[in-house]
Amino acid sequence: MSTPSPSSIDFRPGELLGCISGELGLRKFIEDRGHSLIVTSEKDGAGCQLEEELQDAHYVISQPFYPAYLTRERIASAPNLKAAITAGIGSDHVDLQAAMEYNIDVSEVTFCNSISVAEHVVMQILSLVRNYIPSYHWIKKGGWNIADCVERSYDIEGMKVGTVAAGRIGLAVLKRLQAFDCELHYTDRHRLPRDVEEKYNLHYWEDWKGMVQTMDVVTLNCPLHPETEHMINTESIKNFKRGTYLVNTARGKLCDKDVIAQALKDGTLAGYAGDVWFPQPPPADHVWRSMPWHGMTPHVSGTSLSAQARYAAGVREILEHYWDGKEIRSEYQIVTNGALAGAGAHSYSEGNTTTGCD
Ligand SMILES: NC(=O)C1=CN([C@@H]2O[C@H](COP(=O)(O)OP(=O)(O)OC[C@H]3O[C@@H](n4cnc5c(N)ncnc54)[C@H](O)[C@@H]3O)[C@@H](O)[C@H]2O)C=CC1
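Values in this document were obtained by computation on a predicted structure and should not be read as measured data.

Cut-offs used in this document
- Residues numbered from 1 in each chain as written.
- Predicted model: local features only at pLDDT ≥ 70, side-chain atom pairs only at ≥ 80, totals over all residues.
- Heavy atoms only, no water.
- Phe/Tyr/Trp six-rings, centres within 6.5 Å; stacked < 30°, edge-to-face > 60°.
- Lys NZ or Arg CZ within 6 Å of the ring centre and 35° of its normal.
- Domains from an automatic or database assignment.
- Contact = heavy atoms within 4.5 Å.
- Buried area = accessible area lost by both parts, 1.4 Å probe.
- Buried < 20%, exposed > 50% of the residue type's maximum accessible area, 1.4 Å probe, protein only.
- Helix = DSSP H or I, 4+ residues; strand = E, 2+ residues; numbered from the N terminus.
- Pairing = 2+ DSSP bridges.
- Right-handed = clockwise from strand over helix to strand, strands pointing away.

This next bit is on the packing of aromatic side chains. Counted according to the given criterion, the structure contains ten aromatic pairs. Members of the aromatic cluster, joined through ring pairs, are F29, Y59, Y322 and W323. Stacked on the ring of W138, the Lys or Arg K141 has its end atom at 3.9 Å from the ring centre. The ring of W293 is capped by R152, whose NZ or CZ atom sits 3.5 Å from the centre of that ring.

On to the domain arrangement of the protein. Along its sequence, the protein is carved into domain 1 (23-112 + 303-347) and domain 2 (114-296). The distance between the C-alpha centroids of domain 1 and domain 2 comes to 29 Å. In this assembly, 20 residues from domain 1 lie in contact with 14 residues from domain 2. Taken over both partners, the interface formed by domain 1 and domain 2 buries close to 1300 Å², and the fraction arising from carbon and sulfur atoms is 49%. A per-residue breakdown of the area domain 1 buries against domain 2 is headed by D92, F111 and S347, which together make up 37% of the total.

Right, let's get into the pairing of strand β9 (residues 269-274). Remember that side chains alternate between the two faces of the sheet whenever the strand is regular. With respect to burial, β9 is a largely interior element, six of its six residues being buried. One ladder, built from five bridges, connects strand β8 (residues 244-248) with β9; its direction is parallel. For N248, the partnering residue across the bridge sits in β9 and is G274. With respect to chirality, the unit in which β8 leads through helix α11 (residues 257-266) into the neighbouring parallel β9 is right-handed. Taken together, the three bridges between β9 and strand β10 (residues 294-296) define a ladder with parallel strand orientation. Residue Y272 lies in a different strand from β10, and its bridge partner there is H294.

Written as structure tokens, this is what we have:
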């Protein structure tokens, strides 16, 4: 898939764009087109600035990293809203069911940060299996505790690694892990072409619960939608081989947070890492901040400076298409004209996951 191709850009790739002051490098472009741009981080709580602005907004642009949750109530309160654009990948912060019913188009910049995330997944798998983070902390504490560092440290060479979903990110993870001589497994609702399976020596599973029974490492790379919400729960965790490492950079709500914390305590999981939580930001007492053997980061894997340049350009490409009356690329479409479309039809299912369980 090709990278975004707006007519031009007003920022220098490498600038910090994905923050309030960076404004995705879009202010000049938007104002030159005769529109106004309001940028805010006041997105949570009744009566916040987002809710006030929704009363006349035509477009909402949100990053998944610090998401503006567009719930059914918020969509209903926005009579002029035409579209919700995700500056990144993953549009589960929008109630897609409500967007379909209110005829709000939803789009995202597919592939803008898939490789950024795949690199983060490989980094986190290595850091868990090699016990990197505790070893780093021994050095910070002034120690040289070799035995403490290595008592949980292994090589990933020869390990069985399985990804739940082998879309753009999942497949990129598998390709990168091939160099480490792991045994590679995947499951997906769309099976990969035979030549891809053969090239990377991939073992396909129809059912993820069967796959995880023999994996040393599992990584989740599917979107959050009704089929996948809380897929890791009290019952399904029982399928995992004892001592599995689990890396989830897809979405926090794929997992029941308390089940993960308990699994780390009782040894069902040897480690858990990722960068996605629910809600975002998570409260200070979120159990994933303090559970043992975790390697969590804030939601950063897909917002490296390299990725920011791509998703900022992609948002501009989408707006240019809307304002020039052209159809946006099908890979960018999640909901169009009241139905799942493009990447949305391929990777999501109908329904809502913006609210509910945490
Ligand atoms: N942490 C971060 O910064 C980022 C996280 N993401 C997350 O990763 C997700 C995947 O991204 P991409 O690989 O680029 O998307 P993609 O659309 O290329 O691939 C998603 C894959 O998931 C599969 N899938 C969907 N539902 C499934 C199910 N129930 N069981 C098995 N497979 C299923 C689809 O068939 C598809 O192959 C995003 O939707 C987003 O939630 C994406 C980018 C950045």
